[in-house]
Amino acid sequence: IPQSAVDAADWTGLYGCAENGSTAMNDFIVHEGESMKVETGGTYIFTLDVVNFTYSIVPDKAIYFIVGTPNGWSNSLKSAFYPTTVTEQSYTAYFTGAWDMKLWKSDFFGNWDNAMGSAVDGDGSESGTLVTSNAQAFQSPEAGYYTVSIDFSTLSYKWTKLENQTPTEYTYISLAGGFNGWGDTDMTQVSNSNTHNWYISNLEIAEASEFKFKANHDWTVNWGSDADLTKTYFGVGAQNGSNIVLPAGTYNIYFNDITGQFVVEAVEAAQL
């Protein structure tokens, strides 16, 4: 409602969505509209565009997962998108250029009825719009290493082909920190064809610990970050970067060795 209407106690100035009780995460607002709602309780970021009369609603800690050729179309093997902001996330991997992917929000992981994808099956456009109903698989414009970038506030996506089509391959990516005496706790490659995205599940950290990512059980290539994991759940690692402080808890951790991006998903912890 505009401030002028609040001052005048005039409820005819109210704006809302067209359909009462709509759970759409982005839509138009209309004058004297109806109320919208979120399907799951939690903390959300609500964005209102008063120029285009649109709104978007996203969770303040939004984790999305890829499902497609990078994880063998598994509905049990999780591989997270990597945020740069809560609403802007990406995934870098080798894509086949043929029915490559859909995605799931964490709340709906494994439920095909709630997958997000393209309206047209096999859409290989360089950019497009995601749908949340009757979603189809979309794909990279051609085979190769790509970054697919998603803006969840507008449900738009874009493919960017990497200049380097032969990224360095590592036999091991491990976590080294105070929790393991700065030894090696190995992560797992998502699949034999997705060799640059790694994960570890249910990692128990008994007390707050510093850690870094390292390659091939050696410190020659390592990634650190000044990301504050008491305030966020993602970051970007850099060569010889700072030790990352991880609060006590149990976590799923996801890492990309091309971009250095990582996601720390709390399974049991004082919530990030």
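Structural data are supplied above this passage.
Because the structure is a prediction, the values reported are computed rather than measured.

S.K.: Quick question: what am I supposed to make of the packing of aromatic side chains here?
M.R.: Here a ring pair, both rings aromatic, is described through the centre-centre distance and the interplanar angle of the planes. All told, the structure shown has 21 aromatic pairs when counted by the stated rule. Ring geometry for Tyr64 and Phe152: centres 3.7 Å apart, planes at 5°, overall stacked. Of this pair, Tyr64 sits in strand β6 (residues 64–68) while Phe152 sits in the loop between β11 (144–151) and β12 (156–161), placing them 88 residues apart in sequence. In this structure Phe152 comes out as buried when scored by relative accessible area, which is 4%.

S.K.: Whenever I open this one, the environment of Tyr170 confuses me. Can you help?
M.R.: With respect to the element layout, Tyr170 can be found in the loop between β12 and β13 (173–177). According to the relative accessible area criterion, Tyr170 is buried, its value standing at 14%. Counting along the chain gives 19 residues from Tyr170 to Gln189, while the straight-line C-alpha distance between them is 9.9 Å. Those residues in contact with Tyr170 that lie beyond four places of it in its chain are Gln189, Trp198, Ala215, Asn216, Val221, Trp223 and Asp257.

S.K.: Looking at this model, I keep getting lost on the pattern of salt bridges. Mind explaining?
M.R.: Two side chains carrying opposite charge are able to pair once their charged atoms lie near each other. With the rule as written, the count across this model stands at three salt bridges. A salt bridge links Asp107 to Lys105, with the shortest nitrogen-to-oxygen separation between them at 3.1 Å. For Asp107, a relative accessible area of 44% gives the class partly exposed. The partner of Lys214 in a salt bridge is Asp184, with the nearest N and O atoms 3.2 Å apart. Of this pair, Lys214 sits in strand β17 (residues 209–215) while Asp184 sits in the loop between β13 and β14 (185–186); the two residues are 30 residues apart in sequence, bridging distant segments of the chain. Note on Lys214: relative accessible area 4%, which makes it buried. According to the relative accessible area criterion, Asp184 is partly exposed, its value standing at 35%.

S.K.: Help me understand the sheet that holds strand β10 (residues 127–129), please; the structure alone is not making it clear to me.
M.R.: Think of a sheet as strands paired side by side through backbone hydrogen bonds, with each pair either parallel or antiparallel. If you trace the five strands from one edge of the open sheet to the other, you get β7-β8-β11-β12-β10, paired in antiparallel fashion. Every other strand in the sheet has two partners, leaving β7 (82–83) and β10 as the edge strands with one partner each. Relative to β11, strand β8 (residues 88–95) runs antiparallel, the two being bridged by eight bridges. Looking at β11, one finds that Tyr91 is bridged to Val148.

What counts, and at which threshold
Residues numbered from 1 in each chain as written. Predicted model: local features only at pLDDT ≥ 70, side-chain atom pairs only at ≥ 80, totals over all residues. Heavy atoms only, no water. Phe/Tyr/Trp six-rings, centres within 6.5 Å; stacked < 30°, edge-to-face > 60°. Helix = DSSP H or I, 4+ residues; strand = E, 2+ residues; numbered from the N terminus. Buried < 20%, exposed > 50% of the residue type's maximum accessible area, 1.4 Å probe, protein only. Contact = heavy atoms within 4.5 Å. Salt bridge = Lys/Arg side-chain N within 4 Å of Asp/Glu carboxyl O. Pairing = 2+ DSSP bridges.

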